[in-house]
Amino acid sequence: PPLTVFGTRNVIVSGELGFGVPLKAGWSWGARYHATLMKTVAEIATPFNEEDEPANDLYVGSTFGLDVMAGKDFDGVEPYLALGLTDVSTVFYIGDDAVVSNNSTPFFGPTTSLGLQVKKIKHLDLAAEYYGAFANFNNESDVTGDTINPGARIHTLRTRVGYRW
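Remember, predicted model here, so these are calculated numbers, not experimental data.

A few points about the overall build of the chain
When its secondary structure is counted, the chain shows zero helices and nine strands. In sequence order, the chain lays out its α and β elements as β-β-β-β-β-β-β-β-β. Counting only C-alpha atoms and orienting by the principal axes, one finds that the chain spans roughly 65 × 45 × 25 Å. Of all 165 residues assigned to the chain, the portion counted as buried reaches 27%. Put simply, of all contacts in the chain between residues at least 6 apart along the chain, 56% involve residues at least 24 apart. Here the chain displays about 11000 Å² of accessible surface, and carbon together with sulfur accounts for 64% of that area. Seen as two clouds, the 12 positive and the 19 negative side-chain charges of the chain have centres 23 Å apart.

Some details on the environment of Leu83
Within the secondary structure layout, Leu83 lies in strand β5 (residues 77-94). With residues near it in sequence (within four places) discarded, Leu83 still touches Leu66, Asp67, Val68, Thr111 and Thr112.

Quick look at unusual backbone geometry
The phi dihedral of Phe6 is positive, around 55 degrees, even though this residue is not glycine. Residue position: Phe6 is located in the loop between β1 (4-5) and β2 (8-22). For His123, which is not glycine, the phi torsion reads 70 degrees and is therefore positive. Relative to the helices and strands, His123 resides in the loop between β7 (107-118) and β8 (124-133).

Digging into the side chain of Asp67
As for its position among the elements, Asp67 is in strand β4 (residues 57-72). At 2.9 Å, the side chain of Asp67 forms a polar contact with the side chain of Arg32. What Asp67 contacts, discounting residues up to four positions off in sequence, is Gly30, Ala31, Arg32, His34, Leu83, Gly84, Leu85 and Thr111.

A short note on the environment of Pro22
The residue Pro22 is located in strand β2 in this model. Assessed through its relative accessible area of 68%, Pro22 is described here as exposed. Separated by 133 residues in sequence, Pro22 and His155 have C-alpha atoms that sit 29 Å apart. Contacts of Pro22, omitting those with residues within four sequence positions, involve Trp27 and Ser28.

A short note on the pairing of β2
Here β1 pairs with β2 via two bridges, running antiparallel. When the bridges of β2 are listed, Thr4 appears paired with Arg9. Summarising the sheet, β2 and strand β3 (residues 27-42) pair through 14 bridges and their orientation is antiparallel. Looking across to β3, one finds that Val13 is bridged to Leu37. Between the antiparallel neighbours β2 and β3 lie four residues, among them Ala25 with a positive phi of about 60 degrees.

Section: a negative patch on the surface
Taken together, the side chains of Glu50, Glu51, Asp52 and Glu53 present a region of like negative charge at the surface. By the element assignment, Glu53 lies in the loop between β3 and β4.

Notes on the packing of aromatic side chains
Within the structure shown, the criterion is met by three aromatic pairs. When the centroid spacing of 6.2 Å and the interplanar angle of 65 degrees are considered together, the rings of Tyr59 and Phe92 count as edge-to-face. Linking Tyr59 in strand β4 with Phe92 in strand β5, this pair joins segments that are 33 residues apart in sequence. Its end group placed over the ring of Phe74, Lys72 keeps NZ or CZ at 5.0 Å from the ring centre.

What counts and how
- Residues numbered from 1 in each chain as written.
- Predicted model: local features only at pLDDT ≥ 70, side-chain atom pairs only at ≥ 80, totals over all residues.
- Heavy atoms only, no water.
- Helix = DSSP H or I, 4+ residues; strand = E, 2+ residues; numbered from the N terminus.
- Buried < 20%, exposed > 50% of the residue type's maximum accessible area, 1.4 Å probe, protein only.
- Contact = heavy atoms within 4.5 Å.
- Areas by Shrake-Rupley, 256 points an atom, 1.4 Å probe, with all protein chains shown as cover.
- Lys, Arg positive; Asp, Glu negative; His and termini not counted.
- Charge placed at Lys NZ, Arg CZ, Asp CG, Glu CD.
- Polar contact = N/O pair within 3.5 Å; in protein donor to acceptor, adjacent residues only side chain to side chain.
- Pairing = 2+ DSSP bridges.
- Patch = residues over 30% accessible without salt bridge, like charges linked within 9 Å, V, L, I, M, F, W, Y side chains within 5 Å.
- Salt bridge = Lys/Arg side-chain N within 4 Å of Asp/Glu carboxyl O.
- Phe/Tyr/Trp six-rings, centres within 6.5 Å; stacked < 30°, edge-to-face > 60°.
- Lys NZ or Arg CZ within 6 Å of the ring centre and 35° of its normal.

In short, geometric facts, not functional conclusions.
Below, the structure is given as structure tokens:
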């Protein structure tokens, strides 16, 4: 719900739709579409002039993408690989100064996940994953000809411990 907590109001809606297909000899493959919409209202950027009263800013972001993936089950230990394309777009309105900072080079590029899922321990579901977004297809040049965004990149690691009833 759009509740203000510690001066910040966030609204996030996210979902995905996918399928998986088991194959012979423990192999499987699948695909998924994912999307997220988010809005943040808060005093994010301070006023340019220190004497001015602060005002709320508005940050709006969206992501969407499509991935294909494959994995192989080795008796409860399943490594997997996913490859995809993702778009990340943002708009930032600075309320103090009525400035709209539009991201002129939103990220659109390849992504990959490389992970391992383990289901060998009774009731436990363990996983570790590397996720990377490597290059931005939306590069632009400024008036000097220099590239503004030579390629946004993100690299993350995640782990999961789940309990299966």
